[in-house]
Each structure stands twice: as C-alpha cells, then as structure tokens.
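If you want the building blocks of each chain, they are given just below.
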Amino acid sequence: IIFIDTKGDATLETSAAVNLSDFALIPIQPSANDLEEFERTVGLIYTSREIRQGKPAATIVLNLTSDNDRLIPEVKALAKSCKLPVARTNLKRLIA
C-alpha cells in the first residue's frame, strides 16, 4: 500500500496521483473553498475512471468538522450527486 498526500487542489500532481491510484480518499472540509476544489477533484477521478476501466474507487471523508457546521448537509448532497460514498465517520476539529 502506498499513500500519496497531495495539495488540496486539483493540480497536475493531484491528477498524476489519481491516475496511479486504485483508491482515492477525498477529505473535504465544510467550507466554500473546499467545495470548489472538490468538484475539480471529482472531475479528475471521473476522467481517470474513463481511461482506466473504473479506477480509482473513491470515498469522501468530512474533515475538520464540528457539530454546528452548517455546510455538512450541502457537502453530503454534493457527494450524493457525484455518486461517491461518504465515510460514516467525520474527522472532527479538536477544540480544547
């Protein structure tokens, strides 16, 4: 297993990583900036799937969330519209 951590935007490096992977875990914060990049990243995944007979598989994980994030339903709806599964567990923001 090889893990590749790319920047949070759809760069050439991200495209290369997606094209080499069998599985993509897409962390997304409930923020307007992440939503824009998410759509570009999903586009890279679907382009790769066309070329590579369905690879990579992909799952979305909500990252840096809190219990009062108002964009979480919007993120989940966007994920559903992209036909990508969302991890059951959110990675919560630590508040000390």
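The following refers to the structure shown. Keep in mind that this is a model prediction, so the values were computed, not measured.

A separate point is unusual backbone geometry. Trans is the common state for peptide bonds, and a negative phi is the common state for residues other than glycine. A cis amide bond, omega 5°, links Lys 55 with the succeeding residue Pro 56. Even without a glycine there, the phi angle at Leu 64 is positive, about 55°. Turning to its location among the elements, Leu 64 is positioned in strand β2 (residues 57-65). What makes Leu 64 partly exposed here is its relative accessible area of 34%.

In this section: the nonpolar core. Membership of the largest hydrophobic core comes to 17 residues, with the highest contact counts inside it found for Ile 26, Ile 28, Phe 38, Ile 60 and Leu 84. Among the secondary structure elements, those contributing two or more residues to this core are β1 (23-28), α2 (32-51), β2 and α3 (72-81). Not counting the four nearest positions on each side in its chain, Ile 28 is found in contact with Asp 34, Leu 35, Phe 38, Ile 60, Val 61, Leu 62, Asn 63 and Val 75.

Across six bridges, β1 lies against β2 in parallel orientation. Within β2, the position partnered with Leu 25 by the bridge is Thr 59. Following the backbone out of β1, through α2 and into the adjacent parallel β2, one traces a crossover that is right-handed. Pairing geometry for β2 and strand β3 (residues 91-92), over two bridges, is parallel. Within β3, the position partnered with Thr 65 by the bridge is Lys 92.

For the rest of this paragraph, the subject is the pattern of salt bridges. In this structure the tally under the stated criterion is three salt bridges. Two residues, Arg 52 and Asp 22, come together in a salt bridge whose shortest N-O distance is 3.7 Å. Taken together, the residues Arg 52 in the loop between α2 and β2 and Asp 22 in the loop between α1 (12-20) and β1 connect sequence positions 30 residues apart. Note that Lys 55 is salt-bridged to Asp 22, the shortest N-O span being 3.5 Å. You can see Lys 55 sitting in the loop between α2 and β2 and its partner Asp 22 sitting in the loop between α1 and β1, a full 33 residues away along the chain. Given a relative accessible area of 39%, Lys 55 falls into the partly exposed group. Three or more residues joined by partner-sharing salt bridges are found here, namely Asp 22, Arg 52 and Lys 55.

On the secondary structure map, Leu 35 appears in helix α2. For Leu 35, a relative accessible area of 10% translates into the label buried. Once the C-alpha coordinates of Leu 35 and Lys 92 are considered, the two residues, 57 residues apart in sequence, prove to be 18 Å apart. Every residue in contact with Leu 35, bar those within four places of it in the chain, is listed here: Ile 28, Glu 74, Val 75 and Leu 78.

Analysis parameters
Residues numbered from 1 in each chain as written. Predicted model: local features only at pLDDT ≥ 70, side-chain atom pairs only at ≥ 80, totals over all residues. Heavy atoms only, no water. Helix = DSSP H or I, 4+ residues; strand = E, 2+ residues; numbered from the N terminus. Buried < 20%, exposed > 50% of the residue type's maximum accessible area, 1.4 Å probe, protein only. Core = buried A, V, L, I, M, F, W, Y, C linked by side-chain atoms within 4.5 Å. Contact = heavy atoms within 4.5 Å. Pairing = 2+ DSSP bridges. Right-handed = clockwise from strand over helix to strand, strands pointing away. Salt bridge = Lys/Arg side-chain N within 4 Å of Asp/Glu carboxyl O.

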